[in-house]
Amino acid sequence: APKATKGSLPKSSEGSNSNRPPACPWSNIIDYLSGLLYTLKENFVFPILVKKIFTHVFSYIIVQHFNSLLLHQECCTFSNVCKGEYVKVGLSCQ
């Protein structure tokens, strides 16, 4: 039986400021994936399977981010894509 349950994933500190958005929108995703990795390791899941799971998860994230860029006309010019400016902005925590 698995050692970890749904409630054992890492949670952000909840307090009086829990309605505020996180400083970095990626922090919730990183926290969740860290908890998932911890759970998989704790349950002795084969490393190759863990690698495949994370490969698929990150591939999905990349596709979703790229598709969101394609929805913005200003992001679809050749010069902007070559510079990678909008990709950097989309991933920044500022």
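Note that residues are indexed from 1 along each chain, following the sequence as it is written. Side-chain atom pairs in this predicted model are given and counted only at pLDDT of 80 or more, local residue features only at pLDDT of at least 70, and totals for whole chains, interfaces and linings cover all residues. Side-chain descriptors were evaluated using all non-hydrogen atoms of the structure, hydrogens and water having been removed beforehand.

## So, the overall build of the protein chain
Right, so step 1: Secondary structure summary: the protein chain contains four helices and zero strands in total.
Right, so step 2: Secondary structure elements are defined from DSSP: runs of H or I of at least 4 residues count as helices, runs of E of at least 2 residues count as strands, and each element is numbered from the N terminus. N-terminal to C-terminal, the α/β element order of the protein chain is α-α-α-α.
Right, so step 3: By residue count, 15% of the 94 residues in the protein chain fall in the buried class.
Right, so step 4: When contacts within the protein chain are restricted to residue pairs at least 6 apart in sequence, long-range pairs at least 24 apart make up 51% of them.
Right, so step 5: Entry remark: accessible area of the protein chain is about 7,900 Å², with carbon and sulfur atoms responsible for 64%. Classification of residues uses two cut-offs on accessible area relative to the type maximum, computed with a 1.4 Å probe and protein chains only: under 20% is buried, over 50% is exposed, and between them is partly exposed. Throughout, a residue-residue contact means that at least one pair of heavy atoms, one from each residue, lies within 4.5 Å. To be clear on the numbers: accessible area is Shrake-Rupley with a 1.4 Å probe, and residue cover counts the displayed protein chains and nothing else.

## Quick look at the packing of aromatic side chains
Right, so step 1: Here a pair means two rings of Phe, Tyr or Trp (six-membered ring of Trp) with centres within 6.5 Å. Their orientation is stacked below 30 degrees between planes, edge-to-face above 60, and tilted elsewhere. Under the criterion given, the structure shown has one aromatic pair.
Right, so step 2: Taken together, a centroid distance of 6.2 Å and an interplanar angle of 35° make the contact between F54 and F58 tilted. Linking F54 with F58, this pair stays in helix α2 (residues 47–70), spanning four residues, or about one helical turn.
Right, so step 3: Exposure remark for F54: the relative accessible area of 14% places this residue in the buried category.
Right, so step 4: Judged by its relative accessible area of 42%, F58 is partly exposed.

## So, unusual backbone geometry
Most of the time, phi is negative for any residue but glycine, and the peptide bond is trans.
Right, so step 1: Within the chain, F44 stands out as a residue other than glycine whose phi angle is a positive 55°.
Right, so step 2: Along the chain, F44 turns up in the loop between α1 (27–42) and α2.

## A closer look at the environment of L36
Right, so step 1: Along the chain, L36 falls in helix α1.
Right, so step 2: When its relative accessible area of 22% is taken as the criterion, L36 is described as partly exposed.
Right, so step 3: Through-space distance from the C-alpha of L36 to that of F54 is 9.7 Å; in sequence the pair is 18 residues apart.

## Section: the confidence of the model for the protein chain
Right, so step 1: Confidence of the predictor in every single residue is expressed as pLDDT, which spans 0 to 100. Overall, the prediction assigns the protein chain a mean pLDDT of 74, with 54% of residues at 70 or greater.
Right, so step 2: When pLDDT is averaged over each helix and strand of the protein chain, the minimum, 55, is found for helix α3 (residues 78–83) and the maximum, 94, for α1.
Right, so step 3: Confidence drops under pLDDT 50 across residues 10–16; counting only partners more than four residues distant or on other chains, this segment forms two contacts.

## A short note on the packing of α1 against α2
Right, so step 1: With their axes 11 Å apart at the nearest point, α1 and α2 run at an angle of 165° to one another. Taken as axis vectors, α1 and α2 run roughly antiparallel relative to one another. For α1 against α2, the interelement crossing comes out right-handed. The segment α1 lies against α2, with I29, L33, L36, L37 and L40 engaging V50, I53, F54, V57, F58 and I61.
Right, so step 2: Of the residues that constitute the contact of α1 with α2, the class distribution is eleven nonpolar, no polar and no charged. Note on geometry: axes are lines fitted to C-alpha atoms, helical ones only across the stretch in contact, with angles between N-to-C directions running from 0 to 180 degrees. Convention used here: angles under 35 degrees read as roughly parallel, angles over 145 as roughly antiparallel, angles from 65 to 115 as roughly perpendicular, and any remaining angle as oblique. Helix crossings are classified by the rotation of the near helix relative to the far one: an anticlockwise turn of less than a right angle makes the crossing left-handed, while a clockwise turn makes it right-handed. Polar here means any residue other than Ala, Val, Leu, Ile, Met, Phe, Trp, Tyr, Cys and Pro, which are nonpolar, and Asp, Glu, Lys and Arg, which are charged; Gly is therefore polar.

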